Amino acid sequence: MLDLLIHNARLPDGRARMGVAVQDGRITAIEPGLSPATAPAAQVVDAGDLLLSPPFVDAHFHMDATLSHGLPRVNQSGTLLEGIALWGELKPLLTAEALIERALAYCDWAVAQGLLAIRSHVDVCDPRLLAVDALLEVKKRVAPYLDLQLVAFPQDGVLRSPGALDLLKEALRRGVDVVGGIPHFERTMADGAASVKLLCELAAEQGKRVDMHCDESDDPLSRHVETLACETQRLGLHGRVTGSHLTSMHSMDNYYVSKLLALMAEARLNVVANPLINITLQGRHDSYPKRRGMTRVPEQLAAGLTVAFGHDCVMDPWYSLGQADMLEVASMGLHVAQMTSQAAMRQCFEAVTTAPAQILGLDHFGLAVGREASFVLLQARDPVEALRLRAQRLGVWRRGVQLAASAPRTTTLMLPGRPAQTDFLR
């Protein structure tokens, strides 16, 4: 007897009336027509002809700051630079207990939204490394239900901030997974390029992945992604390096971008755009017309790059909104990038499911036989409808164990001659 059978499900690739069989936390079969009669199971779930999706994955987040909105004060301007300054004020006031409590609360939200893997940058420019130790503890606590991957992030610049390189190395020694950087925040363009080279060499020496905040600027001459791609090739880090944000590409000359995309493709550089935050923080020096600021996602996808969308911030010094909803992130990305063809909208859905899983190296995620039985039942019939509705998460499973459930979204109507309720499905 199977441990779990999900039957009568639709899959993101369009297949319908599918059954997904689970044994010992793994998917053992995905076949049309599987039913309790043909595949008895201890737990049976009728998907009701709705969409069974891989879990959501957030490839770019700051969990050390999440849910700290209003501490020690509110970002009145809503700008990136005031947010960085505010974080500098908050860091000395942080306690491990409060940081852990906020991070665990956010992970609760994440699981409720079917978000089962997060890559979080953690600031290493605090000599106490308090946030590093706190998030390593959180990683341990949430491991049964959520994959938390940590990036050693020198928020104040690895060369600009005294002692930051040694602190970053110590964070890696303590168990942080990925090497981070912020070259555009170094004092000069030359220092930014030097930081990229230094950090990529460190990652290569230690066998780590790389994920850098890169060119998070409206300045078209902020071109550190070029150095990042070149160092990736030089050090043989193909497919293991991610450039996050890359917002300066929005403002770059088209001819230069045509050369840059080819270089990025040769390096198999991964990209993470953060639509909610990019559209909020970029273009602040513009009057009108005002730049959207998000990187060139359709062009990067056309060049063969793996592109994901990240949430980046939720209720922190930079962004006072958010609820761990990756469908909200994908919906904003769809609109900002004008990705409204049927194929492009499906790419936006993949940008919060399969693409970020690939970037994080989560080979166990995905709807395929032999993979971990982790998935989300959505109140929608296909990925486009899921984006339209920001679909209710009816059920969330990790390794075959149900973690969360929500009642279907319906509204009772009192309209003469009309149905008694609607669920917004078409």
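Structure's up top.
From a predicted model like this one, the values you see are computed outputs, not experimental measurements.

Caption draft 1: Looking closely at the overall build of the protein. For the protein, the helix and strand inventory stands at 13 helices and 18 strands. For a compact globule of 426 residues, the expected C-alpha radius of gyration is about 22 Å, and the protein comes in at 22 Å, within 12% of that figure. If you line up the protein on its principal axes, its C-alpha atoms span 65 × 45 × 45 Å. Going through the 426 residues of the protein one by one, you find that 57% of them count as buried.

Caption draft 2: Region of interest: the environment of alanine 204. Checked against the element boundaries, alanine 204 lands in helix α5 (residues 189-206). Alanine 204 sits 109 residues away from threonine 95 along the chain, and the two C-alpha atoms are 33 Å apart. Contact partners of alanine 204, with chain neighbours within four places excluded, come to Leu235 and Leu237.

Caption draft 3: Spatial organisation of the sheet that holds strand β3 (residues 26-32). Sheet architecture is open: 4 strands sit in the order β3-β2-β1-β4, paired in mixed fashion. Looking along the sheet, the strands with just one partner apiece sit at the ends: β3 and β4 (41-46). The sheet shows a mean angle of 15° between the axes of neighbouring strands, taken without regard to direction. In this sheet, β3 lies alongside strand β2 (residues 18-23) in antiparallel orientation, the contact comprising 6 bridges. By the bridge assignment for β3, valine 22 is matched with isoleucine 27.

Caption draft 4: Quick look at the nonpolar core. Judged by nonpolar contacts, the single largest core of 120 residues is most densely connected at Met63, Ile118, Val138, Leu168, Leu228, Met264 and Phe309. Counting 21 residues, the second-largest nonpolar core is a separate cluster that includes Val22, Leu52, Phe375 and Leu425.

Caption draft 5: The arrangement of the packing of helix α6 (residues 224-235) against helix α7 (residues 254-266) in detail. For the pair α6 and α7, the least separation of the axes is 9 Å and the interaxial angle reads 30°. By the criterion of interaxial angle, the relationship of α6 to α7 is roughly parallel. The handedness of the crossing between α6 and α7 comes out as left-handed. Side by side, α6 and α7 meet where Val225, Glu226, Ala229, Cys230 and Gln233 of the first sit next to Tyr256, Leu260, Leu263, Met264 and Glu266 of the second. Split by residue class, the contact of α6 with α7 holds 7 nonpolar, 1 polar and 2 charged.

Caption draft 6: Local environment of the pattern of salt bridges. This structure, assessed with the given rule, holds 23 salt bridges. Residue aspartate 211 is joined to arginine 119 by a salt bridge in which the shortest nitrogen-to-oxygen separation is 2.8 Å. Of this pair, aspartate 211 sits in strand β10 (residues 209-214) while arginine 119 sits in strand β7 (residues 115-123), and the two are 92 residues apart along the sequence. When its relative accessible area of 1% is taken as the criterion, arginine 119 is described as buried.

Caption draft 7: Inspection of the packing of aromatic side chains at higher detail. Summed over the entire model, instances satisfying the criterion amount to 5 aromatic pairs. Judged by centre distance (5.7 Å) and plane angle (50°), the rings of phenylalanine 375 and tryptophan 397 are tilted. In this pair, phenylalanine 375 sits in strand β14 (residues 375-378) while tryptophan 397 sits in strand β15 (residues 393-398), placing the two residues 22 residues apart along the sequence. Each member of the pair, phenylalanine 375 as well as tryptophan 397, is classed as buried. Taken together, Phe61, Tyr106 and Trp109 form an aromatic cluster joined through their ring pairs. Taking NZ or CZ as reference, arginine 223 lies 3.8 Å from the ring centre of tyrosine 256, over its face.

Caption draft 8: Structural detail: the packing of α5 against α6. Contact pair α5 / α6: the axes reach a minimum separation of 9 Å and the direction vectors enclose 30°. Relative to α6, the element α5 lies roughly parallel. Both α5 and α6 take part in a crossing whose hand is right-handed. Here Met189, Gly192, Ala193, Val196, Lys197, Cys200, Glu201 and Ala204 of α5 lie close against α6, whose contacting residues are His224, Thr227, Leu228, Glu231, Arg234 and Leu235. Within the contact of α5 with α6, the residues separate by chemical class into 7 nonpolar, 3 polar and 4 charged.

Caption draft 9: Spotlight on the sheet that holds strand β5 (residues 51-53). A sheet is described by the order of its strands in space; here 4 strands give the open sequence β5-β14-β15-β16, paired in antiparallel fashion. Each of the sheet's edge strands pairs with one partner strand only, and the pair in question is β5 and β16 (401-405). The mean inter-strand angle of the sheet, taken between neighbouring strand axes irrespective of direction, is 20°. Two strands pair when backbone bridges link them, and β5 and β14 are joined in this way by 3 bridges, in the antiparallel orientation. If you follow leucine 51 over to β14, its bridge partner there is leucine 378.

Caption draft 10: Just α6, in detail. Relative to the 16 Å expected for 12 residues at 1.5 Å per residue, α6 spans 16 Å between its end C-alpha atoms, a close match to the ideal helical length. Turning to α6, its buried residues number three or more, namely His224, Val225, Thr227, Leu228, Ala229, Glu231 and Thr232. Structurally, α6 contributes buried residues whose contacts are with α5, β10, β11 (241-245) and α7. Positive phi shows up at glycine 236, right after α6, with a value of about 70°.

The rules behind each value
Within every chain, residues take consecutive numbers counted from 1 along the sequence as written. Since the coordinates come from a predicted model, pLDDT governs what is reported: local features require at least 70, and pairs of side-chain atoms require 80 or more to be given and counted, while whole-chain, interface and lining totals use all residues. Excluding hydrogens and water, the side-chain figures rest on all heavy atoms present in the structure. In this description a helix means any DSSP run of H or I spanning at least four residues, a strand means any run of E spanning at least two, and both kinds are numbered starting from the N terminus. Throughout, the radius of gyration refers to the C-alpha atoms, and the reference size of a globule is 2.2 Å times the residue count to the power 0.38. Each residue is placed in one exposure class: buried if its accessible area under a 1.4 Å probe, protein chains only, is under 20% of its type's maximum, exposed if it is over 50%, and partly exposed if it falls in between. Contact definition: two residues touch when any of their heavy atoms are within 4.5 Å. Two strands qualify as a pair provided that DSSP identifies no fewer than 2 bridges between them. Interaxial angles span 0 to 180 degrees and are taken between N-to-C directions of axes, which are lines fitted to C-alpha atoms, for helices over the stretch in contact. In this text, buried Ala, Val, Leu, Ile, Met, Phe, Trp, Tyr and Cys residues form a nonpolar core when linked through side-chain atoms within 4.5 Å. To sort the angles, those under 35 degrees are grouped as roughly parallel, those over 145 as roughly antiparallel, those from 65 to 115 as roughly perpendicular, and the leftovers as oblique. Take the far helix as your reference; a near helix turned counterclockwise from it by less than a right angle gives a left-handed crossing, and one turned clockwise gives a right-handed crossing. In this classification, Asp, Glu, Lys and Arg are treated as charged, Ala, Val, Leu, Ile, Met, Phe, Trp, Tyr, Cys and Pro as nonpolar, and every other residue, Gly included, as polar. Only one rule defines a salt bridge in this text: a Lys or Arg side-chain nitrogen within 4 Å of an Asp or Glu carboxyl oxygen. Ring pairs are drawn from Phe, Tyr and Trp, using the six-membered ring of Trp, whenever the two centres fall within 6.5 Å, and their geometry is named by plane angle: stacked under 30 degrees, edge-to-face over 60, tilted for the rest. Each ring is checked for a lysine NZ or an arginine CZ that lies within 6 Å of its centre and within 35 degrees of its normal; such an atom marks a charge sitting over the ring. How far a helix is expected to stretch is found by multiplying one less than its residue total by 1.5 Å.

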